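Overview (structure and organization)
Here is how the chains run, residue by residue.
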Amino acid sequence: MLRNSFKGAATAAPFFPTLLDQMPNAIMVFEAENQQLVYVNPAAESALDLSRKSLEGQSVHDLFGGNEALNRMITEVKLGHVIAQRQELVLHSLPGSIHQELIQAHIVIAALEDPDLLLMEWFPIDQQLRSARDERVTQQVESNKQLMRNLAHEIKNPLGGIRGAAQLLEFELPEQGLREYTQVIIKESDRLQTLVDRLLAPHRKAHIIEAFNVHEALERVRSLVLAEFPKGLKIIRNYDTSLPDVMGDREQLIQATLNIVHNAAQALSEEIGAGVAQIELKTRVARSVTIAKQRYKLAMDLHVIDNGPGIPEEMMERIFFPLVSGREGGSGLGLTLAQTFVQQHQGFIACDSRPGRTDFHIQIPYRRQERPS
C-alpha cells in the first residue's frame with residue numbers, strides 16, 4: 001500500500017502521513033529516482049478523482065505526462081541544486097484518458113529529510129479567486145432574492161383585488177366579446193399569482209430533515225427527466241456507491257437537482273434531435289472542504305455535466321439571479337430555487353461552462369452525525 005511504503009521509506013518522519021492527511025492542498029510523495037508514488041493525501045485523491053489503491057504503481061509522469069517544466073523542477077531538487085522549486089504550471093491529468101482535465105496550479109517540488117523521497121504539492125491558482133467570486137455572487141443573489149420577496153409581498157394583495165374586480169365586472173358585462181377582456185385580466189392575474197407563489201415558496205415550507213440516500217434521489221430525478229425526454233437523451237450514472245446518507249430535506253434536494261437536470265435537457269434540444277445528448281450525474285466524497293468560510297471534513301460532491309452548447313459568457317455571473325433566463329418562455333426561477341435549497345443545507349452550488357461541456361457542481365457537507373461508520 002502507498003501509506004505503508006511511505007512509512008517504511010520515510011523513517012526519519014513516520015508521523016508525516018498523519019499530518020499530510022489533514023492538509024487542504026493536494027500532496028504526493030514519490031521516489032526521487034523513478035518518480036514512483038509512495039503516498040498521496042486525501043486532497044490529492046479528490047483532485048485526481050482516483051483512490052490510493054488505483055494510484056499504486058503509478059508515477060508522476062503516468063499522471064501528468066511528459067511535462068518538461070515539471071521534469072526540470074524535479075531534476076533540480078533531486079540533484080540538490082535547490083531545496084524546493086515553485087512554479088505555476090498547466091498539468092494534463094490522466095493523459096490519453098477520456099477523463100483528461102487541465103489543472104492550472106501552483107506547484108511546489110521539495111526535498112524531504114529522506115534523500116530518496118521528494119514531495120509535490122499543488123493547489124489551483126484560481127482557488128482564492130473562485131472563492132471570492134462565489135462569495136460575491138452569493139451576496140448579490142441574496143440581495144436580489146430579498147428584493148424579490150419584498151416585491152412579491154407588495155404585489156400579492158393588489159393582484160387579488162384586480163382579479164376580484166375583473167370577476168365582478170364580468171358578471172355585469174352584457175356582451176360575450178367584452179367578457180373576453182376580463183378573462184385576459186383574470187388569466188394574467190393567475191399567472192402572476194403563480195409566479196409570486198414560486199418566489200415565496202422556499203421560505204414558506206418547513207424543513208423535513210431526514211437521512212436519505214442521494215442516489216435514490218438522483219434516480220427519481222433521472223426517471224422524471226427521461227419520461228419527458230424519452231428519445232435522444234442519455235443520462236449517465238457515475239455514482240460512488242460508498243457515499244453515506246445525506247442529512248437534509250430530501251424533497252428540496254430532489255427539486256434542486258431536478259431544476260438543474262431539466263434545464264440541461266432543455267438546453268440540449270439540438271443534441272437530442274441528433275441523438276447525441278448526454279447528461280452525467282457524478283457523485284463523490286470531497287474531503288477537507290471549505291464552504292462559506294467554514295471547514296468540513298467530508299462533503300457530498302455532485303456534478304451535473306452536459307454536452308450542450310454551454311452558457312453564454314455574458315450570462316454566467318447572473319444565472320442564479322431571480323427572473324434571469326436564457327430560454328424563451330423560461331421563468332428564470334429554476335436555478336434561483338436550486339441555489340436557495342442548497343444554501344439552506346449549508347452547501348454551495350457553482351457552474352463552469354464552455355461549448356460542449358457545462359458542469360453544475362453541488363457540495364453538501366456531512367455533519368458529525370452523518371459520518372460513515
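Residues numbered from 1 in each chain as written. Predicted model: local features only at pLDDT ≥ 70, side-chain atom pairs only at ≥ 80, totals over all residues. Heavy atoms only, no water.

1. Focus on the pattern of salt bridges
Two side chains bearing opposite charge may form a pair once their charged atoms approach each other closely. Taken as a whole and assessed by the stated rule, the structure comprises six salt bridges. Arginine 163 is the salt-bridge partner of aspartate 190, the closest N and O atoms lying 2.4 Å from each other. Placement of the pair is aspartate 190 in helix H8 (residues 176–204) and arginine 163 in helix H7 (residues 127–172), with a sequence separation of 27 residues. For aspartate 190, a relative accessible area of 30% translates into the label partly exposed. Its salt-bridge partner being arginine 250, residue glutamate 251 comes within 3.4 Å of it at the nearest N-O pair. Linked through salt bridges whose partners overlap, the residues forming this network are Arg220, Arg250 and Glu251. (Salt bridge = Lys/Arg side-chain N within 4 Å of Asp/Glu carboxyl O. Helix = DSSP H or I, 4+ residues; strand = E, 2+ residues; numbered from the N terminus. Buried < 20%, exposed > 50% of the residue type's maximum accessible area, 1.4 Å probe, protein only.)

2. A closer look at the side chain of serine 59
Mapped onto the secondary structure, serine 59 falls in the loop between helix H4 (52–55) and helix H5 (60–64). Filtering out sequence-adjacent residues up to four positions away, serine 59 remains in contact with Asn34, Gln35, Gln36 and Leu37. (Contact = heavy atoms within 4.5 Å.)

3. What about the sheet that holds strand E9 (residues 277–291)?
Strand-to-strand pairing in sheets goes through backbone hydrogen bonds, with the strands running parallel or antiparallel. Spatially, five strands are ordered E7-E9-E10-E12-E11 in an open sheet, and the strand pairing comes out mixed. Sheet topology places strand E7 (233–238) and strand E11 (348–354) at the edges, where each strand pairs with a single neighbour. Each strand axis lies, on average, 20° off the axis of its neighbour in the sheet, ignoring direction. When E9 meets strand E10 (residues 294–306), the two strands line up antiparallel, connected through twelve bridges. Following the sheet pairing, arginine 287 is matched in E10 by leucine 298. (Pairing = 2+ DSSP bridges. Axes fitted to C-alpha atoms, helices over the stretch in contact; angles between N-to-C directions.)

4. Concerning unusual backbone geometry
In this model, glutamine 35 sits at a positive phi of 60°, which is unusual for a non-glycine residue. Mapped onto the fold, glutamine 35 is located in the loop between strand E1 (26–31) and strand E2 (37–40). Given the relative accessible area of 10%, glutamine 35 is considered buried. Positive phi, normally seen in glycine, also occurs at glutamine 346, with a value near 60°. With respect to the helices and strands, the residue glutamine 346 is situated in the loop between helix H12 (334–343) and E11. When its relative accessible area of 38% is taken as the criterion, glutamine 346 is described as partly exposed.

5. Quick word on the packing of helix H9 (residues 214–228) against helix H10 (residues 250–267)
Closest axis-to-axis distance for the H9/H10 pair is 9 Å, and the angle between their directions is 35°. The hand of the H9/H10 crossing is right-handed. Judged by residue contacts, Ala217, Leu218, Arg220, Val221, Leu224, Val225 and Glu228 of H9 engage Arg250, Glu251, Ile254, Thr257, Leu258, Val261, His262 and Ala265 from H10. Taken together, the residues of the contact of H9 with H10 sort by class into nine nonpolar, two polar and four charged. (Left-handed = near helix turned anticlockwise from the far one by under 90°. Nonpolar A, V, L, I, M, F, W, Y, C, P; charged D, E, K, R; others polar.)

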